[in-house]
Amino acid sequence: QVMLAFHNYHGSEKHLPPRAFTDTQGRPLLSWRVAILPYIEQSAMFRAIKLDQPWDGEDNWTITSTLIPIFGGDRSLGNKTTIQAPVFPGSAWDGEGPPKTFRDIRDGLSNTIAVIDAPANAAIEWANPQPWVISADDPMSDIFGDRQAVTVGMFDGAVITLTRETMTNEKLKAMLTIAGGEVIEP
């Protein structure tokens, strides 16, 4: 559903969701997850959020502390989510500036990771704009943690499972970047 929301958002706005809503000084206020709320049947919640206020501010906390089922598969995490956009050098979520478009993903939508079901220790409140920064040297450690398999959403909308057994840091780096030109071997 998150990947479908990305496609619907892109169709409407002509770009991917911003990594974060920011204030006039560029300080992050709200997560990219807030941007896709209207596309996951949460329009009323989106309209109630003050986009110029922090996610945990007095005006937003009542709303942003609410559990969104799509973002919270593990009820023990409360209003936290493990659905993360990986910030990795050369990824769609790396750097500042305007949000990326599907045209920016020159390695191919089916070859590029959009979101990852992160390890539980990387869970954050769904509206929190804190980026999930992945190690450039050892992305496997951050992405897999102690797990043997990881679910990822690709930019073409596919949801696939990566296994530690078949993945390497090099393959993972190639799948995280949007324009590295790498050929990914199965």
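All values derive from a computational prediction rather than experimental measurement.

Colleague: Is there a simple way to think about the overall build of the chain in this case?
Modeller: Across its full length, the chain holds six helices and 10 strands. The C-alpha radius of gyration of the chain comes to 16 Å, within 12% of the 16 Å expected for a compact globule of 186 residues. Overall, the C-alpha framework of the chain stretches about 50 × 35 × 30 Å when taken along its three principal axes. Within the chain, buried positions represent 45% of all 186 residues. Within the chain, counting contacts between residues at least 6 apart in sequence, those at least 24 apart form 65% of the total. Total accessible area on the chain is roughly 9,200 Å²; 50% of this is exposed by carbon and sulfur atoms. Across the chain, the centroid of the 15 positively charged side chains sits 3 Å from that of the 23 negatively charged ones.

Colleague: Honestly, the sheet that holds strand β6 (residues 113-117) in this entry has me stumped. Any pointers?
Modeller: Within a sheet, adjacent strands bond to each other through the backbone by hydrogen bonds, running parallel or antiparallel. Overall, antiparallel pairing links the four strands, which are arranged β4-β6-β9-β10 in an open sheet. Each edge of the open sheet is held by one strand with a lone partner, namely β4 (83-84) and β10 (159-163). Of the pairings in the sheet, the one linking strand β9 (residues 149-154) to β10 comprises five bridges and is antiparallel in character. Each residue of the ladder has a partner; that of Ala149, found in β10, is Thr163. Helix α1 (residues 2-13) contacts β4, β6, β9 and β10 of the sheet and is inclined by roughly 150° relative to β6. Across the sheet, helix α6 (residues 169-176) is in contact with β6, β9 and β10; its angle to β6 comes to roughly 120°.

Colleague: Please explain the nonpolar core as it appears in this structure.
Modeller: Considering soluble globular proteins, one finds that nonpolar side chains tend to be buried as a cluster. Grouped together as the largest cluster of nonpolar side chains are 34 residues, with contacts concentrated most on Phe6, Leu37, Trp126 and Phe155. Among the elements that take part in this core, α1 stands out by supplying five residues, more than any other.

Colleague: Looking at this structure, how should I read the layout of surface pockets?
Modeller: Gaps left between atoms are located by rolling a probe of water-molecule size over the structure's atoms. Estimated volume of the largest pocket: approximately 340 Å³. Quantified by volume, the second largest pocket comes out at close to 180 Å³. Taken together, Gln1, Val2, Met3, Ile70, Ile83, Val115, Ile116, Asp117, Thr151, Val152, Gly153 and Val159 make up the full set of residues lining the second largest pocket. Elements represented by at least two residues in the lining of the second largest pocket include exactly α1, β6 and β9. Here the residues of the lining of the second largest pocket sort into eight nonpolar, three polar and one charged.

Colleague: Even after reading the chapter, I still don't get unusual backbone geometry, so can you show me in this structure?
Modeller: With the exception of glycine, the majority of residues adopt a negative phi angle, and the majority of peptide bonds are in the trans configuration. Phi angles above zero are rare outside glycine, and Lys14 is one such case at about 70°. In this fold, Lys14 is placed in the loop between α1 and β1 (20-22). Relative accessible area serves as the criterion here: at 58%, Lys14 is assigned to the exposed category. Its identity as a non-glycine residue notwithstanding, Glu41 has a phi of 65°, on the positive side. Relative to the assigned elements, Glu41 resides in the loop between α2 (32-35) and α3 (43-48).

Colleague: It is not clear to me how the packing of aromatic side chains should be interpreted in this structure. Could you clarify?
Modeller: Two numbers describe a pair of aromatic rings. These are the distance of the centres and the angle of the planes. Following the criterion strictly, the structure yields seven aromatic pairs and no others. Taken together, a centroid distance of 5.4 Å and an interplanar angle of 85° make the contact between Phe6 and Trp32 edge-to-face. Highlighted residues: Phe6 in helix α1 and Trp32 in helix α2, separated in sequence by 26 residues. The two residues Phe6 and Trp32 agree in class, both being buried.

Cut-offs and rules
- Numbering of residues begins from 1 in every chain and follows the order in which that chain's sequence is written.
- Where totals are concerned, whole chains, interfaces and linings use all residues; where local detail is concerned, this predicted model gives features only for residues with pLDDT of at least 70, and gives and counts side-chain atom pairs only at 80 or more.
- Side-chain numbers here rest on the full set of heavy atoms in the structure, without hydrogens or water.
- Only runs of H or I of at least four residues qualify as helices and only runs of E of at least two qualify as strands under DSSP, and these elements are numbered from the N terminus.
- Throughout, the radius of gyration refers to the C-alpha atoms, and the reference size of a globule is 2.2 Å times the residue count to the power 0.38.
- In this scheme, a residue with accessible area under 20% of its type's maximum is buried, one over 50% is exposed, and one in between is partly exposed, where area comes from a 1.4 Å probe on protein chains only.
- Pairs of residues are marked as contacts when any of their non-hydrogen atoms sit within 4.5 Å.
- Here the open area of atoms and residues is found with the Shrake-Rupley method and a 1.4 Å probe, where only the protein chains shown may cover a residue.
- In summary, the charge assignment counts Lys and Arg as positive and Asp and Glu as negative, without counting His or the chain termini.
- Note that the charge is assigned to NZ on lysines, CZ on arginines, CG on aspartates and CD on glutamates.
- Whether two strands pair depends on DSSP finding at least two bridges between them.
- Only the stretch in contact is used when fitting a helix axis, every axis being a line fitted to C-alpha atoms; angles between N-to-C directions are given from 0 to 180 degrees.
- Throughout, nonpolar core names a set of buried Ala, Val, Leu, Ile, Met, Phe, Trp, Tyr and Cys residues whose side chains join them through atoms within 4.5 Å.
- In this analysis, the protein atoms alone were mapped onto a 1 Å grid. Cavities are point sets where a 1.4 Å probe fits without being able to get out; pockets are open sets with protein on both sides within 12 Å along at least five of seven lines; lining residues have an atom within 4 Å of a point.
- Grid points are joined across faces, edges and corners, and a volume is the space filled by probe spheres set on the points.
- The nonpolar class holds Ala, Val, Leu, Ile, Met, Phe, Trp, Tyr, Cys and Pro. Asp, Glu, Lys and Arg form the charged class, and all remaining residues, Gly among them, are polar.
- Two aromatic rings from Phe, Tyr or Trp, using only the six-membered ring of Trp, form a pair when their centres are within 6.5 Å; if the ring planes differ by under 30 degrees the pair is stacked, by over 60 it is edge-to-face, and anything between is tilted.

That is the geometry; function is a separate question.
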